[in-house]
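Observations on the three-dimensional arrangement
Spelled out, the chains give:
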Amino acid sequence: LRSGKLGEQCEAVVRFPRLFQKYPFPILINSAFLKLADVFRVGNNFLRLCVLKVTQQSEKHLEKILNVDEFVKRIFSVIHSNDPVARAITLRMLGSLASIIPERKNAHHSIRQSLDSHDNVEVEAAVFAAANFSAQSKDFAVGICNKISEMIQGLATPVDLKLKLIPILQHMHHDAILASSARQLLQQLVTSYPSTKMVIVSLHTFTLLAASSLVDTPKQIQLLLQYLKNDPRKAVKRLAIQDLKLLANKTPHTWSRENI
């Protein structure tokens, strides 16, 4: 890692996951991640990308980091870079760490800011991070729900970005009011955007949200059956069947005789 040659540094970084597998001790993992955070802070974007990959591969070891504050501080310093790619890699890094820093307010704030960026790479990274934090933190999900809704409904948002934003709504199950507003938006999307991709992504997100909040599973089964019967598109029918299977596995007791 201390080598002056980029190639040798990268080689050292990518060997960390194997080291963690072999010696999964908190003291080693902690000091290794602090070293990686230093590389992330001072290295170039390629090295940062290597550190990000290592972090994502070593997800199950993250809770063994003892100095979480120190680690996150070093990573977070890059978010103020002038380079949108560096910021994007940092956002993906923060998203990958969501399980150990779910309530970190400065991370929440940076994600929210980057969703408004004019750089596509940064916005996509912010969407990835927003999905991960929404899954872990009720506060973040509540705070970001309106923002995501506005972006999805906004005419200026390109369709491919909408398709990436919609799945975030599956995490809006932390409380009843949140789940209900996410459902209303999905209901609206399914009816107002009839294109195949849009229907598939919205319906599937709808199903995952219903599966988490349980109360709405019967309504969701009805909706999927309706699409299965009435929508002429093969891809939509296929998704409806897959989602019905998912709900049958997860909540068989919510099915009525008519549904079956």
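Counting restarts for each chain: residues are numbered from 1 in the order of the written sequence. The predicted origin of the model limits local features to residues at a pLDDT of at least 70 and limits the giving and counting of side-chain atom pairs to 80 or more, whereas totals for whole chains, interfaces and linings rest on all residues. As a rule here, side-chain values come from all non-hydrogen atoms in the structure, and water together with hydrogens is ignored.

Notes on the overall build of the chain
What the chain contains, in helices and strands, is 14 helices and 0 strands. Strands here mean DSSP runs of E at least two residues long; helices mean DSSP runs of H or I at least four residues long; both are numbered from the N terminus. Counting helices and strands in the order they occur from the N terminus, the chain gives α-α-α-α-α-α-α-α-α-α-α-α-α-α. Once the C-alpha set of the chain is aligned to its principal axes, its extents read approximately 65 × 40 × 35 Å. Buried positions account for 48% of the 260 residues belonging to the chain. By the convention used here, residues are in contact when the closest approach between their heavy atoms is within 4.5 Å. Considering only residue pairs separated by 6 or more positions, the chain has 66% of its internal contacts joining residues 24 or more positions apart. Residue-level accessible areas treat just the shown protein chains as cover; the underlying method is Shrake-Rupley with a 1.4 Å probe. For the chain, the accessible area works out to roughly 13,300 Å², and carbon and sulfur atoms hold 56% of it. When charges are tallied, Lys and Arg are placed among the positive residues and Asp and Glu among the negative ones, while His and the ends of the chain are skipped. Throughout, a charge is located at the NZ atom of Lys, the CZ atom of Arg, the CG atom of Asp or the CD atom of Glu. Positive and negative side-chain charges in the chain, numbering 33 and 21 respectively, have mean positions lying 5 Å apart. Each residue is assigned to one of three classes by its accessible area relative to the maximum for its type, calculated with a 1.4 Å probe on protein chains only: buried under 20%, partly exposed between the two thresholds, exposed over 50%.

Brief notes about the nonpolar core
Judged by nonpolar contacts, the single largest core of 84 residues is most densely connected at Phe71, Met172 and Leu203. Domain ranges listed in this record stem from an automatic or a database domain assignment. For this core, the two domains that each supply at least three residues are domain 1 (1-136) and domain 2 (143-259). Each residue touching Phe71, except ones within four places of it in the same chain, is listed here: Phe33, Leu34, Ala37, Ile65, Met93 and Leu97. The set of buried Ala, Val, Leu, Ile, Met, Phe, Trp, Tyr and Cys residues whose side-chain atoms join them within 4.5 Å is what this entry labels a nonpolar core.

A short note on the packing of helix α8 (residues 120-136) against helix α9 (residues 138-153)
Axis definition: a line fitted to C-alpha atoms, limited for helices to the stretch in contact. Angles are taken between N-to-C directions and run from 0 to 180 degrees. Taken N-terminus to C-terminus, the directions of α8 and α9 make an angle of 130 degrees; their axes are 6 Å apart at the nearest point. Taken together, the axes of α8 and α9 are oblique relative to one another. In this structure, α8 meets α9 at a crossing whose hand is left-handed. Seen from α8, the contacting residues are Ala130, Phe133, Ser134 and Gln136; seen from α9, they are Lys138, Phe140, Ala141 and Ile144. When its residues are assigned to classes, the contact of α8 with α9 shows 5 nonpolar, 2 polar and 1 charged. Put simply, angles under 35 degrees are roughly parallel, angles over 145 are roughly antiparallel, angles from 65 to 115 are roughly perpendicular, and the rest are oblique. By convention the crossing between two helices is left-handed if the near helix lies anticlockwise of the far one by an angle smaller than a right angle, and right-handed if it lies clockwise. Under the grouping applied here, Gly and all other residues not named as nonpolar or charged are polar, the nonpolar ones being Ala, Val, Leu, Ile, Met, Phe, Trp, Tyr, Cys and Pro and the charged ones Asp, Glu, Lys and Arg.

Focus: the layout of surface pockets
The space that makes up the largest pocket amounts to roughly 150 Å³. As defined here, a cavity is a set of points on a 1 Å grid over the protein atoms alone where a 1.4 Å probe fits but cannot get out. A pocket is an open set with protein on both sides within 12 Å along at least five of seven lines, and residues line them when an atom is within 4 Å of a point. Leu115, Asp116, Ser117, Met151 and Leu161 are the residues nearest the centre of the largest pocket, which is lined by 13 residues in total. Mapped onto the lining of the largest pocket, the elements with two or more residues apiece are α8 and α9. With 3 residues, α9 is the single largest residue contributor to the lining of the largest pocket. Its residues placed into classes, the lining of the largest pocket shows 5 nonpolar, 4 polar and 4 charged. Built from parts of two domains, the lining of the largest pocket gets at least three residues from each of domain 1 (1-136) and domain 2 (143-259). Grid points are joined across faces, edges and corners, and a volume is the space filled by probe spheres set on the points.

Examining helix α14 (residues 234-250)
Over its 17 residues, α14 extends 24 Å from the first C-alpha to the last, a length consistent with the 24 Å expected when each residue adds 1.5 Å. Turning to α14, the residues buried within the fold contact α12 (196-213) and α13 (217-230). For a helix, the expected span equals 1.5 Å multiplied by the residue count minus one.

A few points about the pattern of salt bridges
Salt bridges are defined by distance alone: a side-chain nitrogen of Lys or Arg within 4 Å of a carboxyl oxygen of Asp or Glu. In the structure shown here, the tally under the stated rule is 16 salt bridges. Of the charged contacts, one joins Lys5 and Glu8 as a salt bridge, the two residues approaching to 3.9 Å between their closest N and O atoms. A salt bridge links Lys164 to Glu124, with the shortest nitrogen-to-oxygen separation between them at 3.2 Å. Of this pair, Lys164 sits in helix α10 (residues 159-165) while Glu124 sits in helix α8, and the two are 40 residues apart along the sequence.

Focus: α13
Between its first and last C-alpha, α13 extends 20 Å over 14 residues, near the 20 Å set by a 1.5 Å rise per residue. Listing the buried residues of α13 in full gives Thr217, Gln220, Ile221, Leu223, Leu224, Leu225 and Tyr227. On the buried face of α13, the contacting elements are α11 (176-192), α12 and α14.

With respect to the confidence of the model for the chain
Taken as a whole, the chain shows an average pLDDT of 95; of its residues, 100% reach a score of 70 or greater. For the chain, the element scoring lowest by mean pLDDT is α11, at 91; helix α6 (residues 84-96) scores highest, at 98. Values of pLDDT, ranging from 0 to 100, describe the predictor's confidence in every residue of the model.

With respect to the packing of aromatic side chains
Between the rings of Phe, Tyr and Trp (Trp by its six-membered ring), a pair exists once the centres lie within 6.5 Å; its type follows the angle of the planes, with under 30 degrees stacked, over 60 edge-to-face, and the other angles tilted. Counted by the stated rule, this structure contains 5 aromatic pairs. Centroid distance Tyr23 to Phe25: 6.5 Å. Interplanar angle 45 degrees. Geometry classified as tilted. Using a relative accessible area of 36% as the deciding quantity, one classes Tyr23 as partly exposed. Residue classification places Phe25 among the partly exposed positions, given a relative accessible area of 47%. By way of ring pairs, the aromatic residues Phe16, Phe20, Phe33 and Phe71 are connected into one cluster. Consider the ring centre and the ring normal. A charge sits over the ring if Lys NZ or Arg CZ is within 6 Å of that centre and within 35 degrees of that normal. Between the NZ or CZ atom of Arg48 and the centre of the ring of Phe40, over which it lies, the distance is 6.0 Å. Lying across the ring of Phe128, Arg92 places its NZ or CZ 5.2 Å from the centre.

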